[in-house]
Amino acid sequence: MIGRPDSTTIDGPSGLIEVVLEDPATAPIGLAVIAHPHPQMGGTMDNKVVHTLSKAFVLAGWRAVRFNFRGIGQSEGAWNEGVGEVDDLLAVLAHHRTDPAVQSLPVALAGFSFGGFIAASASARLPQAPSELVLVSPATRYGVPNVPAHTLVVQGEEDDVVSMTSVLDWARPQALPVTVVPGVGHFFHGQLGVLRDRVLRHLRGTAGTSA
C-alpha cells in the first residue's frame, strides 16, 4: 500500500509552493500534476478526491504531484482569483519536468472542482496539449476553457456545488463526453473507489496512444 510521503517546497511565482510527489512501483511512464478545490472554501492538496486522482495516476504508472495553491499550508503568497493559481500549477509542472526521469515523458494535468478549472486553464497555456487531462466536477462558473477531445470529465449526478446541467452545457458545444456517476454528490462520498477505477481504466486504456 502506498503511504503519504512527506511534503517539500519548491520555488514558485509568489514564494515557496508546498508539494507532495508520489512515484509508482516501477519507472514512471509520465508526469501528472493535480490541482485541488477552491482554497478559500477549505480546498487543499489533502482533499480526498485529489488523493484519489493521485492514487489512480500512480497505479497507472505515472509520477503524481499534488500541491497547495499560494497561501495554503506551507505555500507562500495570497489568493489571486485564479490567475496566480494557474501560474502556480505551471510552476510546479516546470519544476518537476527538469527531473531527467520524467523530462521526456508525457504530461498529464488533473483537477477537482476549482482545480479542474485551473487544470483546464493551464492546459490551454501549454505550447502542446497534455497527453492526459482529467477533470472531476470542473467548476464551470469560473469560465472553464475548451479542452482537448481526449479529456476525461467525471461528474456526480447529484452534485449540488457544480451542477451536472452546467457541466453538460459547457461540454455540449465541444461534443465532449461526460462520465456521470449516478447518485453521487460533489465530494464522491462513499464512491471514491468508483472514481479511482474510472480514472484508472481511462489511463490504462489510453496508455501509449496519446500524442
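Coordinates for the structure precede this section.
In short, a report on the structure. (Residues numbered from 1 in each chain as written. Predicted model: local features only at pLDDT ≥ 70, side-chain atom pairs only at ≥ 80, totals over all residues. Heavy atoms only, no water.)

1. As for the overall build of the protein
Then, in step 1: Helices and strands together make up the secondary structure of the protein, namely 5 helices and 8 strands.
Then, in step 2: Element order for the protein, N to C, with α for helix and β for strand: β-β-β-α-β-α-β-α-β-β-α-β-α.
Then, in step 3: Computed over C-alpha atoms, the radius of gyration of the protein comes to 16 Å, within 12% of the 17 Å expected from 2.2 N^0.38 for 211 residues, which places it in the range of a compact globule.
Then, in step 4: The principal-axis extents of the C-alpha atoms in the protein amount to approximately 40 × 40 × 35 Å. (Helix = DSSP H or I, 4+ residues; strand = E, 2+ residues; numbered from the N terminus. Rg over C-alpha atoms; globule rule 2.2 N^0.38 Å.)

2. Structural notes on the pairing of strand β7 (residues 152-156)
Then, in step 1: Along β7, 5 of the 5 residues are buried, which leaves the element largely enclosed by surrounding structure.
Then, in step 2: Both faces of β7 are covered, namely the face carrying Leu152, Val154 and Gly156 and the face carrying Val153 and Gln155.
Then, in step 3: Two strands pair when backbone bridges link them, and strand β6 (residues 132-136) and β7 are joined in this way by 3 bridges, in the parallel orientation. Directly across from valine 136, in β7, lies its bridge partner valine 154.
Then, in step 4: In this view, the connection linking β7 to its parallel neighbour strand β8 (residues 179-181) by way of helix α4 (residues 164-171) has right-handed handedness. (Buried < 20%, exposed > 50% of the residue type's maximum accessible area, 1.4 Å probe, protein only. Pairing = 2+ DSSP bridges. Right-handed = clockwise from strand over helix to strand, strands pointing away.)

3. Details of the packing of aromatic side chains
Then, in step 1: For the coordinates displayed, the defined rule picks out 8 aromatic pairs.
Then, in step 2: With 5.7 Å between their ring centres and 85 degrees between their planes, phenylalanine 57 and tryptophan 62 make a pair best called edge-to-face.
Then, in step 3: An angle of 90 degrees between the planes, with centres 5.1 Å apart, marks the rings of phenylalanine 67 and phenylalanine 69 as edge-to-face. Here phenylalanine 67 and phenylalanine 69 have matching classes, each one buried.
Then, in step 4: Following the ring pairs from residue to residue traces out a cluster consisting of Phe67, Phe69, Trp79, Phe114, Phe117 and Tyr142. (Phe/Tyr/Trp six-rings, centres within 6.5 Å; stacked < 30°, edge-to-face > 60°.)

4. A look at unusual backbone geometry
Then, in step 1: With a phi angle near 60 degrees, glutamate 81 is a residue other than glycine that sits in the positive phi range.
Then, in step 2: Relative to the helices and strands, glutamate 81 is located in the loop between β4 (63-67) and α2 (83-97).
Then, in step 3: On the basis of relative accessible area, glutamate 81 is assigned to the exposed category, the value being 65%.
Then, in step 4: Of note, alanine 175 is a non-glycine position whose phi angle comes to about 55 degrees, a positive value.
Then, in step 5: Its location among the elements puts alanine 175 in the loop between α4 and β8.
Then, in step 6: Its relative accessible area of 66% is what places alanine 175 among the exposed residues.

5. Re the sheet that holds β8
Two pairing modes exist for strands in a sheet, parallel and antiparallel, and in both the strands are linked by backbone hydrogen bonds.
Then, in step 1: On the basis of which strands lie adjacent, the open sheet formed by 8 strands has the order β1-β2-β4-β3-β5-β6-β7-β8 and mixed pairing. Of all strands in the sheet, those bounded by a partner on one side alone are β1 (8-12) and β8. Going across the sheet, the axis of each strand differs from the next one's by a mean of 25 degrees, ignoring polarity.
Then, in step 2: Where β1 lies against strand β2 (residues 15-22), 5 bridges are found, and the strand directions are antiparallel. Opposite glycine 12, over in β2, you have glycine 15 as the bridge partner.
Then, in step 3: Running at roughly 155 degrees to β7, α4 makes contact with β6, β7 and β8 of the sheet. (Axes fitted to C-alpha atoms, helices over the stretch in contact; angles between N-to-C directions. Contact = heavy atoms within 4.5 Å.)

Without other data, these values stay purely geometric and don't point to any function.
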